[in-house]
Amino acid sequence: MKDGFISVACGTPELKLADCHYNAEQTFAMMRMASQAGVRLLVLPELGLTGATCGDLFYQDTLLRGAEQALATVLEATRNLELMAAVGLPLRLNGKLYNCAAIIQQGQILGVVPKTHLPNAGDAYEKRWFAPAPAENSTITLFGKTVPFGNRLVFRCSELPELTVGFELGQDLAAPVSPSVTLAAGGAVIIGNLSAGSDIVGRDSYRRRLVSMQSAKLMCGYVCSNSGAGESTSDAVYGAHQLIAENGHLLQESRFETGLRISEIDVQKLTYERRRTQLFAEAVAVQEIPFSLTVRKTKLTRYINPMPFVPEGKEHRDARCREILLIASLGLKQRLEHTHAKTAVVGLSGGLDSTLAILITALAMKLLDRPMTDIVAVTMPCFGTTDRTRNNAVILAERLGTTLKTVDISNSVRSHFKDIGHDMEDHSVTFENGQARERTQVLMDIANKTGGLVIGTGDLSELALGWCTYNGDHMSMYAVNASIPKTLVRHLVAHLARDNARKDEELKDVLEDILDTPVSPELLPAVQGQIAQKTEDLVGPYELHDFFMYQILRWGSSPAKVFRLAEYALGGQYSREVILKWLKTFYRRFFTQQFKRSCLPDGPKVGSVAVSPRGDWRMPSDAHAALWQMEAEMLE
C-alpha cells in the first residue's frame, strides 16, 4: 500500500457445477492463497459459488439455499483474512433473483452488488432467471445483518483514501453506459469485474480490448476474472480468461489456466491523472462504504520500464520514431510556411542533438518540396572543438546537401573576454557561456542575413536540468527537440541511420560515429585532441534523469516513490547511493533552473511530458524545493 501500490489478483478456482459446498472450499482456499501472497483485493468469477451454467437449476430453492450456506462457510473460513474479496452467487430479494457479487472482508459482508445488464442471446439467457439491478441502492439482509445492496457502491479504504473500489459483473462492461462509468465518476479507481463469458474464436481479443480501453477511458485499474474449469461444456467452453489492466496498459493476462494472476495497481498514479485532467470533476452520487487495511509495503512484481520514453521492441520503437519525426517535421514545416522563411539555420556541432535537429529540418524541407540548400548548416569551432566532431558536422552537412558555413568564433570570444576583463585561463562558467552565447548570436545574425529562422537543438532532458546557457543554446526561433528527451534522441538518430543504410552508406557511417561520440558541450579546451568535458560526468546519467523526469512530471510521484521505482527498475545498473545522489541533483537543478523554462521558444510537443511554459508545465521561477529535498534527504 505504501507509495500507492495495491496488490490485486484475479482468481479462477476449479468448480463443480451446482456443488456449492465444494465450490466454497475452493473459494476460501484461493482466498488464503491470495492472502499469503500479499494480495489486498481478489476478484473471483461470476456465480462462482454455484457455477454460471446451472440454467433452470437457479429456480430451485435447494441451489439458492446452498449458495447462501456456501457464502456463510466462506465468511467463517476467512474471518482472519484481511484482503477484500468479491465472490459471485445468486441472491434472493423481494421476490426476485439477482446475479450478485458479495464483497467480503474478515468474515463480514461489506456490500452486495447485483448485475445490471443481463444478456439474452448467444449462450447466455440470464433474463430467464435474474432481474437487473434496481435503479436505486437499497439493503439486503444476510445472516441476520443488513448490508448495502446496489450497483452504486464504492468501497473506500480508511488508511489510504486513494484506494476506492467498485464492482460490476460480466457484460456490464460491454454496455453502452456501464456501471463502471458511474462508479469511476463517483471516485472508484479500481473496478473489479466478476465474469462468466464463454470462449469462442476472437472473443479473447475482444475482451482484452474492452478491459484495456475501459481502464484507459476511466483512468482506473481494471481486474477481470472469468469462469473456467467446471462450467458446463454442453454448448460452450469457459477459458478462465484473467485480465489486469491499468490506465490502458495490460499488466497481467492468462487464459485456460486456473489459479491466481497477481499484479500491482498504482492508485496514487491514477488519482493524480484524474486530478490533473479534471475529467471526473463533476460529482456523481454513490454510496461510500469504508473498509480498513493494515498499511504495509507492497512487493512489486509488475514491470517498470527503465527507459520510459523509449518503446520496447524494435517494431514498436520504429513506429514511434516515425511518428515523432513526422510530428516534429510537420510542426517545423508549418512554421517555415507561416513565416515565409527563406532558410532554416542550424548550428551543427557534430553532437547528437544538433544532428537530430538538422535531420528533422531536412524532413521538413522534403515535405515543403524545397531544396536542401535552403538549410544553412553552421559549424562554429572554438577552444574545445575536436577534429572528430568538427569533421562529423561537415560530413553530415555535405551528405544532406545543405549550405555549409564554417565560422570560427575563437577570435570573437577572445575579444569579448578582453572587453569584459575575463582571463583566458579562468575556465569558469563565464568561459563556457561566453562561447555558447557567441554561437547563438552568429546563428541569429546569419538567419537575419538569409531571411531565415534559427532551429533550436536543445532537448527536453537539458531543459529539465537547466543544462543550457541562458540566451545561448537556450534560445532559438523554433525548438524542434524541445519535447524529446536525451534517451529518445539517440534512438531517433539510430532509426534514421538505419533508414539511410541502403541509400547513403557514408551518411549512415557518420550518423553511427555521432551516436558513438560522448555527449559534451565541448566548451573546455580539448586534451590531446580528445573531448575534455563529458556531460554525464557533470550532471549525471541521462538514463537516470529521464527516468526521474518521467515519474515526477508525468505522474507526480514523490521523491521516495521515484527513488523506490528507480531502484526497482535500474538497481541492476546503478547502486542505491548513485541513484540517490543524482535524484537529489535532479530536484535541485529542476527547481533552480525554472527561470530558463519560463521563456522558452515555441517547439512541437511530441509526447506526454513537456516543459513549455504555455501549457505543459506552469511553475513559478521562485518555487522552493525544500519539501522535496527534505524527503530526498530522509532516504539516506
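Before reading further, recall that the structure is shown in the block above.
Residues numbered from 1 in each chain as written. Predicted model: local features only at pLDDT ≥ 70, side-chain atom pairs only at ≥ 80, totals over all residues. Heavy atoms only, no water.

Chemist: Whenever I open this one, helix H5 (residues 267–277) confuses me. Can you help?
Modeler: Inspection of H5 places Val267, Lys269, Leu270, Tyr272, Glu273 and Arg274 among the buried residues, and these make up the whole buried set. Two to three positions downstream of the cap, the backbone nitrogen of Gln268 sits 3.2 Å from a side-chain oxygen, assigning the N-cap of H5 to Asp266. (Buried < 20%, exposed > 50% of the residue type's maximum accessible area, 1.4 Å probe, protein only. Helix = DSSP H or I, 4+ residues; strand = E, 2+ residues; numbered from the N terminus. Polar contact = N/O pair within 3.5 Å; in protein donor to acceptor, adjacent residues only side chain to side chain.)

Chemist: Explain the sheet that holds strand S19 (residues 375–379) to me, please; I cannot follow it from the model alone.
Modeler: Strand pairing within a sheet occurs via backbone hydrogen bonds; the two strands may be parallel or antiparallel. Strand order in the open sheet formed by five strands is S20-S19-S18-S21-S22, with parallel pairing between adjacent strands. The open sheet is flanked by strand S20 (403–406) and strand S22 (478–479), the only strands paired with a single partner. Note that strand S18 (residues 343–347) and strand S21 (residues 452–456) share three bridges and pair parallel. Bridging across to S21, Val345 finds its partner in Val454. Relative to the sheet, helix H6 (residues 314–339) contacts S18, S21 and S22, its axis offset from that of S21 by approximately 155 degrees. (Pairing = 2+ DSSP bridges. Contact = heavy atoms within 4.5 Å. Axes fitted to C-alpha atoms, helices over the stretch in contact; angles between N-to-C directions.)

Chemist: Even after reading the chapter, I still don't get the packing of aromatic side chains, so can you show me in this structure?
Modeler: Two descriptors summarise a pair of aromatic rings, namely the distance from one centre to the other and the angle between the planes of the rings. For the structure shown, the criterion picks out 14 aromatic pairs. Considering the side-chain rings of Phe155 and Phe167, the 5.9 Å spacing of their centres and the 70 degrees angle between planes classify their relative orientation as edge-to-face. Here Phe167 lies in strand S11 (residues 164–169) and Phe155 lies in strand S10 (residues 153–157), a separation of twelve residues in the sequence. When sorted by exposure, Phe155 lands in the same class as Phe167, which is buried. Positioned over the ring face of Phe280 is Arg274, at 4.6 Å from the centre of the ring. The residue whose ring lies beneath Arg554 is Trp555, and the NZ or CZ to ring-centre distance is 4.0 Å. (Phe/Tyr/Trp six-rings, centres within 6.5 Å; stacked < 30°, edge-to-face > 60°. Lys NZ or Arg CZ within 6 Å of the ring centre and 35° of its normal.)

Chemist: Honestly, the sheet that holds S10 in this entry has me stumped. Any pointers?
Modeler: If you trace the seven strands from one edge of the open sheet to the other, you get S15-S14-S13-S12-S11-S10-S17, paired in mixed fashion. Pairing within the sheet leaves two strands with one partner each, and these edge strands are strand S15 (249–254) and strand S17 (287–291). Ignoring strand direction, the axes of neighbouring strands in this sheet form an average angle of 20 degrees. Strand direction decides the pairing type here: strand S13 (residues 221–226) and strand S14 (residues 242–246), joined by five bridges, are antiparallel. Bridging from a neighbouring strand, Val223 pairs with Ile244 of S14. Strand contacts of helix H4 (residues 203–217): S13, S14 and S15, with the helix running at about 25 degrees to S14, the strand carrying the most contacts.

Chemist: What am I meant to see in the packing of helix H1 (residues 20–36) against helix H2 (residues 61–77) here?
Modeler: The relative placement of two packed helices is expressed as an angle between their axes plus a distance between the axes. H2 packs onto H1 with a crossing angle of 25 degrees between their chain directions and a minimal axis gap of 9 Å. By the criterion of interaxial angle, the relationship of H1 to H2 is roughly parallel. In terms of crossing hand, the pair formed by H1 and H2 is right-handed. Side by side, H1 and H2 meet where Cys20, Ala24, Thr27, Phe28, Met31 and Arg32 of the first sit next to Leu63, Gly66, Ala67, Ala70, Thr73, Val74 and Ala77 of the second. For the contact of H1 with H2, the per-class residue count stands at nine nonpolar, three polar and one charged. (Parallel < 35°, antiparallel > 145°, perpendicular 65-115°, else oblique. Left-handed = near helix turned anticlockwise from the far one by under 90°. Nonpolar A, V, L, I, M, F, W, Y, C, P; charged D, E, K, R; others polar.)

Chemist: So what exactly am I meant to see when it comes to the environment of Thr385 here?
Modeler: By the element assignment, Thr385 lies in the loop between S19 and helix H8 (387–400). Given a relative accessible area of 16%, Thr385 falls into the buried group. Looking at Thr385, its side chain comes within polar contact range of the main-chain nitrogen of Cys382, at 2.9 Å.

Chemist: What am I meant to see in the pairing of strand S8 (residues 138–142) here?
Modeler: For a regular strand, side-chain orientation follows a simple rule: the groups alternate between the two sheet faces. In terms of strand pairing, S8 meets strand S9 (residues 145–149) through five bridges, oriented antiparallel. In the strand pairing of S9, Ile140 is matched with Val147. Counted between consecutive antiparallel strands, the loop separating S8 from S9 contains two residues, among which Phe143 sits at a positive phi close to 55 degrees.

Chemist: Before we go on, may I ask you to explain the side chain of Glu46 in this structure?
Modeler: You can see Glu46 is positioned in the loop between strand S2 (41–43) and H2. According to the relative accessible area criterion, Glu46 is buried, its value standing at 2%. Only 2.8 Å separates the side chain of Glu46 from the side chain of Lys115, close enough to count as a polar contact.

Chemist: Please clarify how helix H9 (residues 410–420) should be interpreted in this entry.
Modeler: Every α-helical turn comprises 3.6 residues, leaving residues that sit three or four positions apart pointing alike. Listing the buried residues of H9 in full gives Ser410, Val413 and Phe417. The buried residues of H9 occupy an angular sector of 70 degrees when projected down its axis, which confines them to one face. Exposed and facing more than 90 degrees away from the buried side of H9 are Asn411, Lys418 and Asp419. Positive phi appears at Gly421, one or two residues downstream of H9, with a value of about 75 degrees. (Arc of directions from axis to C-beta.)

Chemist: I tried to follow unusual backbone geometry on my own but got confused; where do I start?
Modeler: Trans peptide bonds make up the majority, and among non-glycine residues the majority have a negative phi. For Ala18, which is not glycine, the phi torsion reads 75 degrees and is therefore positive. Mapping Ala18 onto the fold places it in the loop between strand S1 (5–12) and H1. The phi angle at Leu47 is positive, at roughly 55 degrees, despite the residue not being glycine. Of the residues examined, Leu47 reaches a relative accessible area of 2% and is grouped as buried.

Chemist: Looking at this structure, how should I read the nonpolar core?
Modeler: The tendency in soluble globular proteins is for nonpolar side chains to be buried side by side. One finds Leu336, Leu356, Ile358, Leu396, Ile484, Leu492 and Leu511 to be the most contacted residues of the largest nonpolar core, which totals 46 residues. Elements represented by at least two residues in this core include exactly H6, S18, helix H7 (352–367), S19, H8, S21, helix H12 (486–499) and helix H13 (505–515). It is H7 that contributes the most residues to this core, nine residues altogether. The contacts of Leu336, once residues within four sequence positions are left out, are Ala341, Thr343, Ala344, Met365, Leu368 and Leu453. (Core = buried A, V, L, I, M, F, W, Y, C linked by side-chain atoms within 4.5 Å.)

Chemist: How do you make sense of the pattern of salt bridges when you look at a structure like this?
Modeler: A side chain with one charge may pair with a side chain of the opposite charge, provided their charged atoms come close. Overall, the coordinates contain 40 salt bridges when judged by the stated rule. Across the pair Glu273 and Arg276 runs a salt bridge, and its minimum N-O distance is 3.1 Å. Here Glu273 pairs with Arg276, and both are found in helix H5, just three residues apart, close to one helical turn. Here Arg276 falls in the partly exposed class, since its relative accessible area comes to 46%. A network of salt bridges, in which partner residues are shared, links Asp199, Asp204, Arg207, Arg208, Glu253 and Arg255. (Salt bridge = Lys/Arg side-chain N within 4 Å of Asp/Glu carboxyl O.)

Chemist: Looking at this structure, how should I read the packing of H12 against H13?
Modeler: Relative to each other, H12 and H13 sit at 160 degrees, their axes nearing to 9 Å. Classed by the angle they form, the pair H12 and H13 counts as roughly antiparallel. Of the two elements, H12 crosses H13, and the hand of that crossing is left-handed. Mapping the contact onto sequence places Arg490, Val493, Ala494, Leu496 and Ala497 in H12 and Lys508, Leu511 and Leu515 in H13.

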